Amino acid sequence: MPQPDVRPAAQTAQAAQAAHAVQAVRTLPGRLTAPEPGWTTEADVVVVGSGIAGLTAALRLRESFARSGGGTVLVVTKDRIGAGSTRWAQGGIAAALGPGDSPAEHAHDTLVAGAGICDAAAVDALVDEGPEAVRELIDLGTQFDHDPDGVLSLTREGGHHRDRIAHAGGDATGAEIQRALMAAVGRAPEIEIIKRALAVDLLTDADGGVAGLTLHVMGEGQRDGVGLVRCRAVVLASGGLGQVFSQTTNPAVSTGDGMALALRAGATLRDLEFVQFHPTVMYLGADSSGQQPLISEAVRGEGAVLVDGLPEQGGTAFMQGVHELADLAPRDVVAKAIMKRMLETGEPHMWLDARHLGAAFWERRFPTILATCREHGIDPVTDLIPVAPACHYASGGVRTDLHGRTDVPGLYATGEVACSGVHGANRLASNSLLEGLVFSRRIAAVLPGELRPWSDPAPDTRTAGLVRADARSEVQETTTTRVGVLRNAGGLQEAADRLAKLTEGGADVAPDLEAWQTTNLVMVASAMADAARLREETRGSHWREDFAERDDATWAGHFDVRMVDGATTCEFTASPATDGRATDGQATDGRSPA
């Protein structure tokens, strides 16, 4: 009969960590199969992405180069300018701008939402520099909403204890920020832009630093097909990985390209198991796929309530008693509560009741959401809105320091593609736009002084390969059903096995845009599944039904995925919890929220 484990808890935790310290997980293509470059250009810095993170980086680098005596900036965007996630952001941008608020209070809410995995120094940088960064957006021409007295309008969202969300156009904040940034770039002809271009692979020199980037341009005249951009630095601002799931709030361009490219080049992916599922995505039916309509958390911030049926027919507001903030609890708490209620009732969704807000309020405060709901046959003035959790945001990504530097010399990352440490295991509402803004400014402050000398790409000896393009639906089905909101060991192992089979025979797949994107999806899905399988606890947005409790003694820390010519490892690094739970309620960054 097996003997019980009577070792002290610390020794048991050390044994569990050691078992998962470094695990060779799988073999993937070391680089993407692609034709030889047919054209060449150059720029000192290439910025990949054209949302708030990418355009802020480009504009600030342009200013830095103007002061320092020169340097060229090239922006590469996968579709048209502004086709990424920024313009879809409804709720707003968070910063301690209101009376009585403070960066310390914003930091407290961020650390609590992040469930112990945030980097406290990164959070400090975010909240301390956030107010100035938002004011600079206003100076740039962003038209935020104001009250009749001309005071900046601020609202509240999940996890925040203060009204600190600045918004524009009611519920069109991202679109307004994108407009203002695009206008500013339009006034800066020094910034070159290549549209409809997929970043294929990073090229490094003999020392392992950035020497160039291959692109595939779709219909740009002389720059058509695969080409080479020689450069001295690359800033990844390419967004997230939402298209790895069948249902997501992310646009079609969010296929994890930047994360996969960085991994192949030798950078580290951190915390990929922490994918945030937004609790209130409009439910369009079990067969609906692709980008789904988001019902902003700001709707709950204005008083909407989650219910399990019509209140007049006995439906209950089930968030009461679940958390002190009820319907405005952090997103992971609300998503789990919705899923639990769905499992209890057998319903495929829950409902959001915002009828009491009235027609005039809806039309003024949430015109975009109102129009979207009505397009789908729901009038939130008179009807309950069917909602269910769906993939929304990758809290993890390419590991960076406080100035966006990665493991690869000359490679920087900012925004959703990056793991700056700000979000931890669960992003606080409306911190995403702020992160892209603040950390792009921080990159631009140091990059010009760190530019590497021009160098030639070394011979690329990585093993080339691809996943067939038609495997995308299988990737999405696997990830959605086995690495979704609710996870367990069996499902995660099955996901890992199914994803591994998709890479077989990759040397024979012909290169094209769909095959490149599908291969990138398989890479980030594999890293996500492996980290989720190894993290045997529930924390933040990572919910294991077979390990239902958070376990700081064993799993306070990070899983890091690395690759050498297609061979990946997943390594656990312990670090103290940063949300105060490990220190009897005292925030581990030393700040007091009071």
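Scroll up to find the structure this text is about.
Residues numbered from 1 in each chain as written. Predicted model: local features only at pLDDT ≥ 70, side-chain atom pairs only at ≥ 80, totals over all residues. Heavy atoms only, no water.

### Quick look at the overall build of the chain
Next up, step 1: Looking only at helices and strands, the chain features 15 helices and 24 strands.
Next up, step 2: Against the 2.2 N^0.38 benchmark of 25 Å for 594 residues, the chain shows a C-alpha radius of gyration of 23 Å, consistent with a compact globule.
Next up, step 3: Each principal axis of the C-alpha atoms in the chain carries an extent, and together these give about 75 × 70 × 50 Å.
Next up, step 4: In the chain, which comprises 594 residues, the share counted as buried stands at 60%.
Next up, step 5: In the chain, of all internal contacts separated by at least 6 residues, the share reaching a separation of at least 24 is 74%.
Next up, step 6: Positive and negative side-chain charges of the chain, numbering 52 and 78 respectively, have mean locations separated by a distance of 2 Å. (Helix = DSSP H or I, 4+ residues; strand = E, 2+ residues; numbered from the N terminus. Rg over C-alpha atoms; globule rule 2.2 N^0.38 Å. Buried < 20%, exposed > 50% of the residue type's maximum accessible area, 1.4 Å probe, protein only. Contact = heavy atoms within 4.5 Å. Lys, Arg positive; Asp, Glu negative; His and termini not counted. Charge placed at Lys NZ, Arg CZ, Asp CG, Glu CD.)

### Quick look at the pattern of salt bridges
Next up, step 1: Tallied over the entire structure, the rule returns 48 salt bridges.
Next up, step 2: R62 is paired through a salt bridge with E190; the nearest N and O atoms lie 3.2 Å apart. Residue R62 is found in helix α2 (residues 52–68), and its partner E190 is found in the loop between α5 (173–186) and β8 (191–194); the two are separated by 128 residues along the sequence.
Next up, step 3: Measuring nitrogen to oxygen at the nearest pair gives 3.7 Å for the salt bridge that ties R562 to D560.
Next up, step 4: Residue D560 is classed as buried on the basis of its relative accessible area, which comes to 0%.
Next up, step 5: Here the salt bridges share partners, and the residues they tie into one network are E273, R535, E537, R539, R550, D552 and D579. (Salt bridge = Lys/Arg side-chain N within 4 Å of Asp/Glu carboxyl O.)

### Topic: empty space enclosed by the protein
Next up, step 1: What the rule picks out here adds up to two cavities of 30 Å³ or more.
Next up, step 2: A volume near 60 Å³ is recorded for the largest cavity.
Next up, step 3: The dominant element in the lining of the largest cavity, judged by the number of residues it contributes, is helix α8 (residues 331–345), at three residues.
Next up, step 4: Considered class by class, the residues forming the lining of the largest cavity number four nonpolar, two polar and two charged. (1 Å grid on protein atoms, 1.4 Å probe; cavity = no way out; pocket = protein on both sides within 12 Å on 5 of 7 lines; lining within 4 Å. Points joined across faces, edges and corners; volume = space filled by probe spheres on them. Nonpolar A, V, L, I, M, F, W, Y, C, P; charged D, E, K, R; others polar.)

### Description of the sheet that holds strand β7 (residues 165–166)
Two modes of strand pairing occur in sheets, parallel and antiparallel, and in both the strands are linked by backbone hydrogen bonds.
Next up, step 1: If you trace the three strands from one edge of the open sheet to the other, you get β5-β7-β6, paired in antiparallel fashion. What marks the edges here is a single partner per strand, and that holds for β5 (93–94) and β6 (154–155). (Pairing = 2+ DSSP bridges.)

### What to know about unusual backbone geometry
Next up, step 1: Positive phi, normally seen in glycine, also occurs at A115, with a value near 55 degrees.
Next up, step 2: In this structure, A115 sits in the loop between α3 (103–113) and α4 (120–140).
Next up, step 3: Phi angles above zero are rare outside glycine, and A326 is one such case at about 50 degrees.
Next up, step 4: By the secondary structure assignment, A326 is in the loop between β16 (305–307) and α8.

### With respect to the packing of helix α6 (residues 257–265) against helix α14 (residues 513–534)
Next up, step 1: Between α6 and α14, whose axes approach to 8 Å, the crossing angle comes to 75 degrees. By the criterion of interaxial angle, the relationship of α6 to α14 is roughly perpendicular. Two secondary-structure elements touch here, α6 through D257, M259, A260 and R264 and α14 through Q517, N520, M523 and V524. (Axes fitted to C-alpha atoms, helices over the stretch in contact; angles between N-to-C directions. Parallel < 35°, antiparallel > 145°, perpendicular 65-115°, else oblique.)

### Re the packing of aromatic side chains
Next up, step 1: In the structure shown here, the tally under the stated rule is six aromatic pairs.
Next up, step 2: Put simply, the rings of F361, W362 and F366 pair up and form one aromatic cluster.
Next up, step 3: Sitting over the face of the ring of Y393, R427 holds its NZ or CZ atom 4.2 Å from the ring centroid. (Phe/Tyr/Trp six-rings, centres within 6.5 Å; stacked < 30°, edge-to-face > 60°. Lys NZ or Arg CZ within 6 Å of the ring centre and 35° of its normal.)

### Points about the environment of T480
Next up, step 1: Relative to the elements of secondary structure, T480 occurs in helix α12 (residues 472–482).
Next up, step 2: Measuring from C-alpha to C-alpha, the distance between T480 and S246 comes to 6.1 Å, with 234 residues separating the pair along the chain.
Next up, step 3: Among residues more than four places away in sequence, those in contact with T480 are F245, S246 and Q247.
Next up, step 4: Among the polar contacts listed, one links the side chain of T480 to the backbone nitrogen of S246, at a separation of 2.8 Å. (Polar contact = N/O pair within 3.5 Å; in protein donor to acceptor, adjacent residues only side chain to side chain.)

### Some remarks on the side chain of S455
Next up, step 1: Its place among the elements puts S455 in the loop between α11 (432–450) and β22 (464–465).
Next up, step 2: Ignoring anything within four residues of it in the chain, the contact list for S455 reads D205, V210, A211 and R230.

### Describing α8
Next up, step 1: Spanning 15 residues, α8 covers 21 Å between terminal C-alpha atoms, matching the ideal 21 Å at 1.5 Å per step.
Next up, step 2: Taken residue by residue, α8 has R331, D332, V334, A335, K336, A337, I338, M339 and M342 as its buried positions.
Next up, step 3: Elements in contact with the buried residues of α8: β14 (275–282), α7 (297–301), β16, β17 (350–353) and β18 (385–394).
Next up, step 4: A positive backbone phi angle near 80 degrees is found at G346, which sits one or two residues after α8. (Expected span 1.5 Å × (residues − 1).)

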